[in-house]
Amino acid sequence: ALVAVVSSGSGEAREKALARETARVKALGILWNLCLYHENIEYLVCCNGMLVVLAALQASLRGSKSFQKSLTLLMVSGRNISAAHALVEAGGVDVISPLLDVGGVDGIKAAIILSFLLGNDESKGTHLSLLESKPQLGDLLESIFNNTVNGLGGDGYEFGNFDLVVIVAAIASMAV
């Protein structure tokens with residue numbers, strides 16, 4: 001893990017770990033810029049970019065910039081059906097599901113990502129319905145939606161503002 005190398009490794013090992021993290025953050029930033037336009041997500045899917053983002057999430061230390069960027073990128077791009085299918089096929093459900101129990105913003109982002117990946121999957125019987133397995137998820141998404149619509153966030157609020165399109169898409173994908 002990056003922290004172990006940075007705190008106890010040699011100077012050269014620390015520099016290499018920090019260089020990898022910096023390069024990963026820059027690459028994810030470029031992919032983020034591509035995904036700012038929803039129609040561009042198809043390019044990311046065509047070149048296996050969703051696999052790259054998922055791999056970056058797995059390789060990153062939780063809480064690091066690259067972890068946060070990967071999670072956010074998966075949340076924004078996951079509303080694209082092609083991207084969601086690519087993530088499911090790559091094992092994204094198994095990678096992201098444990099984050100539901102983490103809580104905080106990471107848990108919220110994981111819930112949104114999984115709603116895109118599994119929200120329409122109930123009829124296939126492959127996975128339990130998200131609303132069945134995590135009954136608090138509907139209330140959580142409703143709270144995020146209300147906070148976003150009302151411009152609430154910061155001190156005194158458990159959830160910050162999210163992109164309204166992403167929140168609505170997450171709720172809609174679960175309304176099967």
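Here's a quick rundown of the structure. (Residues numbered from 1 in each chain as written. Predicted model: local features only at pLDDT ≥ 70, side-chain atom pairs only at ≥ 80, totals over all residues. Heavy atoms only, no water.)

## Here we look at the overall build of the protein
This is how the line gets drawn: Helix and strand assignments come from DSSP, with helices taken as H or I runs of at least 4 residues and strands as E runs of at least 2, each series counted from the N terminus. Only protein chains enter the calculation, and the probe is 1.4 Å; a residue is then buried if its accessible area is under 20% of its type maximum, exposed if over 50%, and partly exposed in between. We call two residues in contact when some of their heavy atoms are within 4.5 Å. In this description, accessible areas are obtained by the Shrake-Rupley approach with a 1.4 Å probe, and a residue is regarded as covered only by the protein chains that are shown.
Across its full length, the protein carries 11 helices and zero strands. What you see in the protein, going N to C, is helices and strands ordered as α-α-α-α-α-α-α-α-α-α-α. Per-residue burial for the protein yields a buried fraction of 41% across its 176 residues. The contacts of the protein with a sequence gap of at least 6 include a subset with a gap of at least 24, amounting to 61%. Entry remark: accessible area of the protein is about 9,200 Å², with carbon and sulfur atoms responsible for 57%.

## Thoughts on a nonpolar patch on the surface
Let me state the cut-off plainly: The residues that make up patches have over 30% relative accessible area and no salt bridge, and they are joined within 9 Å when like-charged or within 5 Å when they are Val, Leu, Ile, Met, Phe, Trp or Tyr. Salt bridge criterion: a side-chain nitrogen from Lys or Arg within 4 Å of a carboxyl oxygen from Asp or Glu.
A cluster of nonpolar residues, Val149, Leu164 and Val168, forms a patch on the protein surface that exposes about 230 Å² of accessible area. In this structure, Leu164 sits in helix α11 (residues 164-174).

## Thoughts on helix α4 (residues 49-59)
For an α-helix, 3.6 residues make a turn, and residues three or four places apart therefore share a direction. The condition that has to hold: Each C-beta atom gives one direction from the helix axis, and the arc is the one those directions make.
For α4, the complete set of buried residues consists of Gly49, Met50, Val53, Leu54, Ala56 and Leu57. Around the axis of α4, the buried residues are gathered within 155 degrees of arc, so they sit on the same side. On its buried face, α4 is in contact with α2 (11-35), α3 (41-46), α5 (65-77), α6 (81-89) and α7 (92-96).

## Quick look at unusual backbone geometry
The phi dihedral of Asn48 is positive, around 60 degrees, even though this residue is not glycine. Relative to the assigned elements, Asn48 resides in the loop between α3 and α4. Take Asn48: its relative accessible area is 46%, and that puts it in the partly exposed class.

## Here's the deal with the packing of α2 against α5
The axes of two packed helices give the description: the angle between them and the distance between them. Here is the rule we go by: Geometry is summarised by axes, namely lines fitted to C-alpha atoms with helices restricted to the contacting stretch, and by angles between N-to-C directions that run from 0 to 180 degrees. Here the angle decides the label: under 35 degrees means roughly parallel, over 145 means roughly antiparallel, 65 to 115 means roughly perpendicular, and every other value means oblique. When the near helix sits turned anticlockwise from the far one by under a right angle, the crossing is termed left-handed; a clockwise turn instead gives a right-handed crossing. Three categories are distinguished: nonpolar for Ala, Val, Leu, Ile, Met, Phe, Trp, Tyr, Cys and Pro, charged for Asp, Glu, Lys and Arg, and polar for the others, with Gly belonging to the last.
Following both chains from N to C, one finds α2 and α5 inclined at 20 degrees, their axes separated by 9 Å at the closest point. Classified by the angle their axes make, α2 and α5 are roughly parallel. The interaxial crossing formed by α2 with α5 has left-handed handedness. Facing Glu21, Arg24, Val25, Leu28, Gly29, Leu31, Trp32 and Cys35 of α2, the residues of α5 in contact are Lys65, Ser66, Lys69, Ser70, Thr72, Leu73, Val76 and Ser77. Across the contact of α2 with α5, the residue classes tally to seven nonpolar, five polar and four charged.

## Remarks on the packing of α4 against α5
Following both chains from N to C, one finds α4 and α5 inclined at 145 degrees, their axes separated by 8 Å at the closest point. Note that α4 runs across α5; the crossing there is left-handed. Across the interface between the two elements, Met50, Val53, Leu54, Ala56 and Leu57 of α4 pack against Phe67, Ser70, Leu71, Leu73, Leu74 and Ser77 of α5.

## Let's talk about the pattern of salt bridges
With the rule as written, the count across this model stands at three salt bridges. The salt bridge partner of Lys16 is Glu12, with a shortest N-O separation of 3.5 Å. Highlighted residues: Lys16 and Glu12, both in helix α2, separated by four residues, approximately one helical turn. A relative accessible area of 48% places Lys16 in the partly exposed class. Arg62 is the partner of Asp106 in a salt bridge, and the nearest nitrogen-oxygen pair spans 3.1 Å. Remark: Arg62 occurs in the loop between α4 and α5 and Asp106 occurs in helix α8 (residues 104-118); sequence separation between them is 44 residues. Take Asp106: its relative accessible area is 8%, and that puts it in the buried class.

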